[in-house]
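# Structure at a glance
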Amino acid sequence: MAKRVVNFNPGPAALPLEVLKIVQEELLDYQGSGMSILESSHRAKEFEAVNDQAMALVHEILGLGADYQVLFMGGGASTQFALAPMNFIPAGGTAAYVDTGEFAFKAMKEAQIVAKAHIAFSSKAEKYARVPKMSEIKYPEDVAYLHICSNNTIEGTQFHEFPETGKIPLVADMSSDIASRQLNFNKFAMIYAGAQKNLGPAGVTLVVIRNDFLAKAKTGLPSMFTYKTYVDNKSLYNTPPVFAVYIMKLVLEWIKKQGGLAAVEKVNVAKKDLLYGAIDAAPDYYKGTVEKASRSWSNVTMRLPTEALEDKFIADAKKEGLIGMKGHRSVGGIRFSIYNAVSLDDIKKTVDFMERFHKAN
Ligand code: PMP
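Residues numbered from 1 in each chain as written. Predicted model: local features only at pLDDT ≥ 70, side-chain atom pairs only at ≥ 80, totals over all residues. Heavy atoms only, no water.

## Looking at the pairing of strand E8 (residues 170-173)
Burial of the side chains of E8 extends over both faces: Leu 170 and Ala 172 are buried on one face and Val 171 and Asp 173 on the other. Pairing between strand E5 (residues 146-149) and E8: 4 bridges, direction parallel. Its bridge partner lying in E8, Leu 146 is registered against Leu 170. (Buried < 20%, exposed > 50% of the residue type's maximum accessible area, 1.4 Å probe, protein only. Helix = DSSP H or I, 4+ residues; strand = E, 2+ residues; numbered from the N terminus. Pairing = 2+ DSSP bridges.)

## Here we look at the domain arrangement of the protein chain
Domain parsing of the protein chain yields domain 1 (18-257) and domain 2 (260-360). The distance between the C-alpha centroids of domain 1 and domain 2 comes to 27 Å. Facing the 26 residues of domain 1 at the interface are 25 residues of domain 2. Together domain 1 and domain 2 conceal approximately 2,100 Å² of surface at their shared face, both sides included; 52% is due to carbon and sulfur atoms. Where domain 1 meets domain 2, there are 0 salt bridges. The tally of links between domain 1 and domain 2 comes to 17 residue pairs in polar contact (both at pLDDT 80 or more). Listing elements by their share of the side of domain 1 that touches domain 2, those giving two or more residues are helix H2 (45-62), strand E7 (157-158) and helix H7 (242-258). (Domains from an automatic or database assignment. Contact = heavy atoms within 4.5 Å. Buried area = accessible area lost by both parts, 1.4 Å probe. Salt bridge = Lys/Arg side-chain N within 4 Å of Asp/Glu carboxyl O. Polar contact = N/O pair within 3.5 Å; in protein donor to acceptor, adjacent residues only side chain to side chain.)

## Some details on the sheet that holds strand E11 (residues 287-288)
Ordered in space as E11-E12-E14, the 3 strands form an open sheet in which the pairing is antiparallel. Because the sheet does not close on itself, it has two edges, and the strands there are E11 and strand E14 (334-337). Two elements, E11 and strand E12 (residues 299-303), share 2 bridges in a ladder whose sense is antiparallel. Paired with Gly 288 across the strands is Met 302, a residue of E12. Across the face of the sheet, helix H8 (residues 260-280) comes into contact with E11, E12 and E14 while running at roughly 10° to E12. Sheet contacts for helix H9 (residues 307-319): E12 and E14; angle to E14, the most-contacted strand, approximately 35°. (Axes fitted to C-alpha atoms, helices over the stretch in contact; angles between N-to-C directions.)

In structure tokens:
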């Protein structure tokens, strides 16, 4: 049995061992086809079944109504930063953006390349240490949509309530918290998420769009930039990232087997409570970097008294098989990315390490 680390990588990130074992088992001969799914045609019945099942599982696990389309796309969430405004901001129009972190800001920047973007709120001046209160989000009445980033991966903040936008479509980048907690996903006109944190490997991006929003999409864009192309072809217009979709299907089955998002959320709440508990138990040593009310359940960020201690923390942890917690290069510090495949046991080990490290240093 391979020695597995406790993996806090921010994405690509830990995958469930159970899923990796299935992949290993099925790799050389996928369900009696005599080849791996990697070598199968994307038009073959084997892959079409994988694709259909993955789409149905997204519907089921997120609890989406029948009026939602599930799309699997390439190009990462960063491509969605451009495609959303290209498809949904009409000529001369504006979309509103909530600026709560580096990725939220990038999304807005991309919108400004193709159209106009209104800043509905920004916590940039506060070093992105919080998400807004809902009353702080302000935008003109006629915007094409309001865009938020539900979880700010780098900064470690997360929305725990969502704006009531009435007739204005709500669009969310959920790259780092999709399928990690129970939400009313039907509130959103569009959701997108790179798979490489909670859903699978890098290479596929999940996009969910409600039909009434899709109907407003512009025409005249190149086919691969047009959401409708993916909808009309079940995301098989061109060659999809077959292996990534296949692993995503297995991860979705793994989520379902546990009891869906209710069960997943329960574990994730226990994980974040334990980890933030350890930080708050030593407030002069481990310092959370964001406002408590905005704390992320997916990316837990903290600082130690000095950078030298942070380096030692990372080095000592690595000796115990805890890896991937160096904060993003733009902010430094420590970041534990505790996505679905990181277990409660992993967090127990980590908290134990934190207590010992504090005593010894
Ligand atoms: N949005 C968020 C919230 C992210 O965390 C990331 C990646 N870490 C991105 C967008 C960019 O995703 P990708 O690398 O798939 O383009």
